[in-house]
Structure formats: structure tokens, C-alpha cells
Amino acid sequence: MRARRALLLLAIAAAQFALFEIALRTWGHSEAAPSFQALFMPDPVVGYRLRPNARTRFVTAEFETDIAINAQGVRDDRDIGPKPAGERRIVVLGDSLVLSVQVELRQTFCRLLEEDLNRGGGPVRYRVINAGVQGYGPVEELLFFREIARRFEPDLVITTIFVGNDAEEAVISAPKLRGAARPATEAISDSTSSRLRRLVRRSMVLQLIRLRIVSVTDRYRNWIAPPEPPLQSYAEHPAPRIAEGLAISRDCVRAIVDEAGAAGARSLIVLMPARFQVDDADYGRLKEAVESTGGHLVRDAATARFDEALSSIPAPRFDALPPLRASLPGPDVFFQQTVHLTPRGHEIVATALAAFIREQGL
Amino acid sequence: MVFNSLHFLWFFLVVYALYRLLPAVLPVERAHRAQNWLLLVASYYFYAAWDYRFLALLAGSTIVDYTCGRILGSLQEQRVRRRVMWLSLGFNLSMLGFFKYFNFFADNLAALFAAAGWHADFVTLRVLLPIGISFYTFVTMSYVIDVYRREIAPTRNLVDFAVFVAYFPHLVAGPILRATALLPQIQRPRRISAEQMREGLWLIAWGFFQKIFVADNLAPLASHVFTPGAQATGVNVLLGVYAFAFQIYGDFAGYSNIARGTSKLMGIELIENFRFPYLVLTPQAFWRHWHISLSTWLRDYLYISLGGNRGGEARTRRNLLITMLLGGLWHGAAWTFVLWGLYQGVLLILYRPYESAFATLQERRVSWLPPSGGSVLRVVAWFVMFHLTCYGWLIFRAPSLHAIGSLTASLFGNFAPRTIDVTGLLAPLLLYTVPLLVVHLVEAHADDVLIVPRLRIGVRYTIYVATLYLIFLFGNFGGSDFIYFQF
């Protein structure tokens, strides 16, 4: 009797697993979806990067986009060959805010910047290369520049800093600077754990359950050692690792500027704000959340901290916050369910950045 | 320590293991005494996990009311008994008034003085609110009143009484238990049946579903509309209010279910606190189905003490208004809660003449669903009542009186249906409420909140497994404390 009940329970669990898997694959597209994960491949130096020639259609409740990676491993619909005469190349390094899977390629600020710079005509043709990769921070951007983007023969290298989390990510990724990068799949053997890992990656249900387990274990760690308030980059009195992350970020950006300079390219640093720095309602919610954990949120602290940390680097800095703020009131510049720019946000950044590049004579 | 924390999981596993072990190693009566000591220590630890400094208040309230109960039991003269009862009530109400309402009255007094041109910066004391104080003071007050009314005999055992007050499943957010219901269960050895285990586990799972899947996922949707500075059109305000209606229901009913479930596992039955409150047709029925332990407390100890419906229609209306105003204030020291209480009182008064007309419909509350079909009138009555309840939640959740005005203005003056936020509000609202409503309607159809563990095995397992999948796949594991802790 018990065995029959257990079998029935297993059968129901398996049937529902299949139903949830189908439902999630049909309607629940997210970055956990296998099709999206297929955009990435392991890299022995950076950890991972975009897979050359990968393509996918990314569908969420808020947007639908086609993503194509070119043969060189950046989001572009054209290959990058030797630089023709009269072409001025701009390489934009950064994270998901640069890659921008939430909008079509033609709507990204990189492509809009290219169009804006070329609008006046003239003998020089600009080509802006979107070298952003989801999840990158200053450390990965430096390594990616050395490994891949330097070969694109840039005349101008734009390093985009997301002030919201780049300091924290720099601390986490710092070991990669010492050659410690180990892509998740590098050491794949036919061990049980690696087979299990591959299985989990292929199933959206299992991926979500894995995320829940990670969340619970994080909470367990937080219970052992009480959690600190979130958004430390914006904290009135941030944790010591923020200063450490700012220093690592500064060293990475300086290395990019120096190495680009050695190759004859100029540099520009772009500071990209978090959504709540622009969106008052989002700020209200986060302020409340941070205060509920005993912290105090200073709205523009991360921008000011990066601005100061990078001030010693001999490259102009462009802060995207003022033009984004100046666009209000008006349609949203950030998506509601992600922290990424809407097409309007991309337009605003591209227009202001183009004006800055002209003004600086870059 | 919240129910949805690992701290509670470890705490409960340890306490429960010891609780079940004791009867196995000790004779019945000694095991029973040891279990009560265990429950007392565990409950005080549970409370100390919030803030150990307020343990003295809990212990003080327990000792004062235990002593008053003993004295009341030994006295015969009614005049003296009344004084003792008022002594106890005065102690509890002073404690509640000071810790819960001092800041509110001080701030309003200061504002009043400032309006008159006087500086009132002498009011600088900031009083912390001890968690659960509204619940345990009501529990102890009901005990003393019941002893005074000779409805129960005073207990002679301080440990039993302390467990009754501090019993951890109901300590910080109810249900507000009566001595008549809980004390006898504490005083006698307990046996735990297989049915209690089955029902307890289901209630815990369902409570977590209501909290983690429903309430914590709907919270950001409600915040999206209610956060100061948010400028939503009427249609989106309406969706935000719906989200809050199900958030607060999921949150509070979830807590009550986890409390009932954990208590069932220990062989102690707690009262049902919610019974399909959004399916009712009148405000009176709403208060018989929403936070039942509070509304019955207010009815038995406040409304009836004020005279209830004896003494004519005008006095009944006055009593209803006073009861609901104080009920609103019980929820929190803010004018929005006072206004919410007033609103509920007015609704009760307005519906009063039609209560008998609604009575037949109300009895068939759950039958308006297919296949029994339903009259248009019943559906209209439900629709109106549900939206009146939702407007009450708008008042309740609004961050200020000014916000109530602006949200109401959006709702009625700028509805703009074309601006409906499908992806940000409507779709997630449906995703997180439809599974709740499906089970809710199954329970309502059977008029039994514990029907699921009694369904056919295939159906039961399907619901169990779906509940667990929904919690694990879509639950918000970074959720907050339960809303009612602040009350």
C-alpha cells in the first residue's frame, strides 16, 4: 500500500515537473533559460565570454529581442576585420548595461552612438563595437580587452562602469588577475557531479530549484553571521570591501587606459547609474528596504565614490546620470523588471555621449 | 525569529524532537509537566530572539494577570472583584498605551502645540514597540475578564498560565486565544493523532505557500502603487490595491495557518482565524470571517460591554463606531488606521438595515459558484462587498492621509483603462493569486478550510506537489517579516 502511494506521488511529481518545465520554456523565458545560457562559453582567462556566432531569441514579459553574436564574439551583425582606411573604431567595454539584451541591436546606445557620430558625414566613418558581456566587472573588462578587444584596433576605448555593483564584483573577480580564472565547465570530466550540473543547466525547473537552494544557503550564512544592509556601494558607511573594490576597479581601468594608449588609442570612462538613482519610486522602495535592515541609503554615493576613485586616471569621465535624470518626467528610461535601459534610455545616453565625445575632441 | 527563517526551522526541530521524546521516557503526568516547561522555555526563547529586553514585560504581564485571576477566584464581593479586574485592565491598557501609542500621541500633541504657536520639543522620548504586545495583552485581559465574569475558574498553576500567554505559535501575531479554548489543552496531557499530524503538515505547507508564494510576491506590486512618489493611474491603483488585498490576506492567513499547523503537531488546537473572507456579502460577515479571533474579542469584550445592540438603534450605531475605531487603532498608531476603523464602522452601520435581506444570500455564501449556479444579485453583492473591502485596504495601506486622497483621486478621476500595466501588475497579480483562489474555492465549496487533506488521494497529492513546486519555483525567498507583527 505504501509502495503504491509512493509510486503515485512520484508519478504526480514527475508529471508536474514536465508541466512546469514546458510552461517555463514556453512562457517563462529568463536568463536561466538554456537558450539564453547557450550564448555563453567558457574562457580560460576571463572565465566566460559570448560564444562566437551564437544566436537566440530572448523573450520576457517586458521585451522580445533577437540576439546575434558575430564571429569575433561580440554582439554585432557585422564581422570585425582589419580596420579600413578612414574608419575610426570605438570599442565599448562593459557589462549587461552595454550588451543590452533587453533591446534590439539597432536600439542599443552603442549603435545609436555610431549613427549619431556618423550623422555629420565627413571623411571619417565611425564604427562603435559593443564589447559588453553580461556579468562582467572591471576585472573581466580588462582581461577581455587584453584577450579579445585589443585586436579590434580601437582608436577610442570606452570603459563603462556600472556604479551599482562594479566595486563588489571587482573584489569577487580579483583572483582572475592572478590567472585564477576557472570557468565553471573547464574541469568537466565525466564525473557524476559534472553530469548532474549539465542536467541542471538543461532544465529550467532544476535551475530555479538550484537558485532557491543557493538563496536558502545564503540565508543560512546570513543567520550565522547577521546580514549587512544591501546596496553597500551606496551605504553611508560601506563595508571595507567597497574601498577595496574601488581600488581594484581603478587599477583595472588604469591598465585598460595605459594598454590602449600604448596601442595608440585614447580612452573614455563612462559611469552608468543604477535605476533607483533616476527613478524616485524605486528609490523610495529601496531606501525603505535598506533602512529596515538598519542601513542608510545615500542615493548618489556610488557615483561619487567611483568619480573620486577614478579621478587620478588620465582619461575623461562621462557621467550618464545627469542626462538620464534630466529626461524626467517622461516615459521610463529603465525597464520595470530589470535594471536595464529602455530604448528611450539608450537614446538619451547615446545622444549625451556623442555630444561629450565631440566636446572632448575624442 | 520569523516562521519563514532557518532560525525557526532549527528551533522548531529541536523543540519538537524534545517534545515528542518526553512522553517516551517519562510517565504520562511527569511528561506532561516537562512538556509544559519545555513550551515555556521555548516560547520565552522565541520571544527573546526578537528582543530579550521585553521579556520582562511579558513576564510582568503574566504574573500580574495570574495574580489578579487568583484574587478574583478567591473573592465573593462583586464591588471588590470589579476593582481587581479594573486594576488588571488598567495595568494592561497602560502598558499597551505607553508602548504602542506614546509616540503617536506625543507627535500629535507636539503638532497641535506647534499649530498654536508653542514649541513642544519637550516630547523627545522615543518608545520602542515590543513585538506582539497587542496580542498578548488582549490574551491576558480576556482571561481576567472571563474569570471576573465567572466563565472560567482561575488556574492555580503559574507555569500553565505562562504557557497559555506565551505559547510561541500564537505569541507575536495571534490568533488571540481565549483561556477557555487553550488553557484546558495546556492543563491536560496531550495525545497527537495521525489526523492532527496530516492536517498540521498541510497547514504549515499551505501557510508557507500563502506567505512565500502569494504575499511576498505581491508585496512589490502593492509597493509599486503605494510608495510615496509613485504616480499610478486609477486602473493601476486598483491593481495595486487588489495586490495588497491578497498580500495582507496571504501574509496574515499564512501566519495563522503556520501557527495552527505547528500547534497541531504538538497536539494543541488553535482556533481558525480566517474563513474565506473575500467571498462574503456584507461587512458584518466579513468581520466574522477575517481575523476572527480579534473581531470576536472586540465583540465580546468591547461591543457587548458598551451595550451591544441593546438600547436602540442610535446606541447600537455608536457602539459599532467606537468598537471599530478602537479596532482600527489596535492595528497601529496612525491616523490611517483610525480612518480605516471609522470606515469599517460606517460600512457596518450602512449595511445594518439590510442585514436580514442579505442573510439568505450570506448563508449560501459559497454556493454562488458553479455548478450550483448563482443569482446575479449574489454576484453583484459579492462584487460590491469585495470592492468596499479593497477600498478599506487602500486606506489601511496608504502611507498618509494625503496619499489616501491622491490615490482616491487617481482611482475615480484618472482611471485611464488603456494605461493598464499588463506586464508589471496584471500578469503577476494573476500568476500569484489564481493558484490561491483555486484551492480557496475548493475549500469554500466544501465549506471546510481543511478539506484538502481529506480529498481523494490522487487529488490530494496533486495539490500537495503543486503547492511545493510553486513555493520552490516561484516563491520569494527574500521576503520580509509578517505584516501583523507590527500590530
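Residues numbered from 1 in each chain as written. Chains lettered and ligands numbered in written order. Predicted model: local features only at pLDDT ≥ 70, side-chain atom pairs only at ≥ 80, totals over all residues.

1. Brief notes about the overall build of chain A
Defined as follows: Helix and strand definitions follow DSSP, with helices as H or I runs of at least four residues and strands as E runs of at least two, each counted in order from the N terminus. Residue burial is a threshold on neighbouring C-beta atoms within 10 Å of the residue's own C-beta, all placed from the backbone, with 20 or more meaning buried, 12 or fewer meaning exposed, and counts in between meaning partly exposed. By the convention adopted here, residues are in contact when the distance between their C-beta atoms, placed from the backbone, does not exceed 7 Å.
For chain A, the helix and strand inventory stands at 13 helices and nine strands. In chain A, buried positions account for 40% of the 362 residues. Sequence separation of at least 24 residues holds for 74% of the intrachain contacts in chain A that already meet a minimum separation of 6.

2. Some points on the environment of Asp319(A)
Residues and elements named next belong to chain A. Looking at the element boundaries, Asp 319 is found in strand S9 (residues 317-319). For the pair Asp 319 and Ile 12, spaced 307 residues apart in sequence, the C-alpha to C-alpha distance is 55 Å. Those residues within four positions of Asp 319 in sequence are excluded, and the remaining contacts are Leu 271, Thr 303 and Asp 307.

3. Here's the deal with the nonpolar core
Test applied: Working definition: the nonpolar core is a set of buried Ala, Val, Leu, Ile, Met, Phe, Trp, Tyr and Cys residues, joined through C-beta atoms within 7 Å. Domain start and stop positions are those given by an automatic or database domain assignment.
Ranked by size, the top nonpolar core spans 117 residues in total, and within it Phe164(B), Ala166(B), Leu218(B) and Ala243(B) carry the most contacts. Lining this core are residues from two domains, each supplying at least three of them: domain 1 (6-190) and domain 2 (195-486) of chain B. Aside from chain neighbours lying at most four places away, what touches Leu218(B) is Ala243(B), Phe246(B), Gln247(B), Gly250(B) and Tyr432(B). Val98(A), Phe276(A), Val333(A) and Val349(A) belong to the second largest nonpolar core, which has 84 residues in total.

4. Let's talk about the domain arrangement of chain B
All names here are of chain B. Segmentation of chain B into domains returns domain 1 (6-190) and domain 2 (195-486). The straight-line distance from the C-alpha centre of domain 1 to that of domain 2 is 26 Å. In this assembly, 23 residues from domain 1 lie in contact with 23 residues from domain 2. When contributions to the side of domain 1 that touches domain 2 are tallied by element, the ones reaching two or more residues are helix H1 (6-25), helix H4 (78-115), helix H5 (133-148), helix H7 (168-171) and helix H8 (179-187).

5. Regarding the interface of chain B and chain A
How we decide: All amino acids are sorted into three groups, where Ala, Val, Leu, Ile, Met, Phe, Trp, Tyr, Cys and Pro are nonpolar, Asp, Glu, Lys and Arg are charged, and the leftover types, Gly among them, are polar.
Counting from both sides, the interface comprises 21 residues of chain B and, opposite them, 24 residues of chain A. Every element with two or more residues in the side of chain B that touches chain A is listed here: H1, helix H18 (422-446) and helix H19 (457-474) of chain B. With nine residues, H19(B) is the largest single contributor of residues to the side of chain B that touches chain A. A class-by-class count of the residues in the side of chain B that touches chain A yields twelve nonpolar, nine polar and no charged.

6. Some thoughts on unusual backbone geometry
Peptide bonds are mostly trans, and most non-glycine residues show a negative phi. Of note in this structure, Asn53(A) is not a glycine but carries a positive phi near 65 degrees. With respect to the secondary-structure elements, Asn53(A) resides in the loop between strand S2 (47-50) and strand S3 (55-59). In this structure Asn53(A) comes out as exposed when scored by C-beta crowding, with 12 C-beta atoms within 10 Å. The phi torsion at Phe276(B) lies on the positive side, around 50 degrees, for a residue other than glycine. Looking at where Phe276(B) falls in the secondary structure, it is placed in the loop between helix H10 (234-265) and helix H11 (283-289).

7. Structural notes on the packing of H10(B) against helix H17 (residues 401-413) of chain B
Residue and element names in this part refer to chain B. How we decide: Lines fitted to C-alpha atoms define the axes, with helix axes restricted to the stretch in contact, and inter-axis angles between N-to-C directions lie between 0 and 180 degrees. Our angle categories are set so that under 35 degrees counts as roughly parallel, over 145 as roughly antiparallel, 65 to 115 as roughly perpendicular, and the remainder as oblique. The sense of a crossing depends on the near helix, which, turned anticlockwise from the far helix by less than a right angle, makes the crossing left-handed and, turned clockwise, makes it right-handed.
Here H10 crosses H17 at 120 degrees, and the two axes come no closer than 7 Å. If you check the angle between H10 and H17, you find them oblique. In this structure, H10 crosses over H17, and the sense of that crossing is left-handed. In this structure, H10 uses Gly 234, Val 237 and Leu 238 to contact H17, whose residues at the interface are Leu 407, Ser 410, Leu 411 and Phe 412. Across the contact of H10 with H17, the residue classes tally to five nonpolar, two polar and no charged.

8. Let's talk about the sheet that holds strand S5 (residues 87-94) of chain A
All names here are of chain A. Definition in use: By definition, two strands form a pair when at least two bridges between them are found by DSSP.
Reading across the sheet, the five strands line up as S6-S5-S7-S8-S9 and stay open at both edges, with parallel pairing between neighbours. Only two strands of the sheet have a single partner each, and these edge strands are strand S6 (125-132) and S9. Averaged over neighbouring strand pairs, the angle between their axes works out to 20 degrees when direction is ignored. With seven bridges joining them, strand S7 (residues 156-162) and strand S8 (residues 266-272) adopt parallel strand pairing. If you follow Thr 159 over to S8, its bridge partner there is Ile 269. Along the sheet, helix H4 (residues 109-118) makes contact with S5 and S6, crossing S6 at roughly 170 degrees. Its contacts with the sheet put helix H5 (residues 138-147) on S5, S6 and S7, and the angle it makes with S5 is roughly 145 degrees.

9. Here's the deal with H19(B)
Three- or four-residue spacings in an α-helix give side chains the same orientation, since the helix completes a turn every 3.6 residues. Condition: Multiply 1.5 Å by the residue count of a helix minus one, and that product is the helix's expected span.
Taking 1.5 Å per residue, 18 residues should reach 26 Å; H19(B) reaches 25 Å between its end C-alpha atoms and fits that length. Tucked inside the fold, the buried residues of H19(B) contact helix H9 (194-226) and H18 of chain B.

10. Here's the deal with the packing of helix H6 (residues 158-166) of chain B against H8(B)
Pairs of packed helices are described in terms of their axes, by the angle between the two and the distance that separates them. Residues and elements named next belong to chain B. As a packed pair, H6 and H8 sit with axes 9 Å apart at the nearest point and diverge in direction by 130 degrees. Relative to H8, H6 is oriented oblique. The handedness of the crossing between H6 and H8 comes out as right-handed. Contacts between H6 and H8 pair Asp 160, Val 163 and Phe 164 from the former with Ala 179, Leu 182, Leu 183, Ile 186 and Gln 187 from the latter. Grouping the constituent residues of the contact of H6 with H8 by class yields six nonpolar, one polar and one charged.

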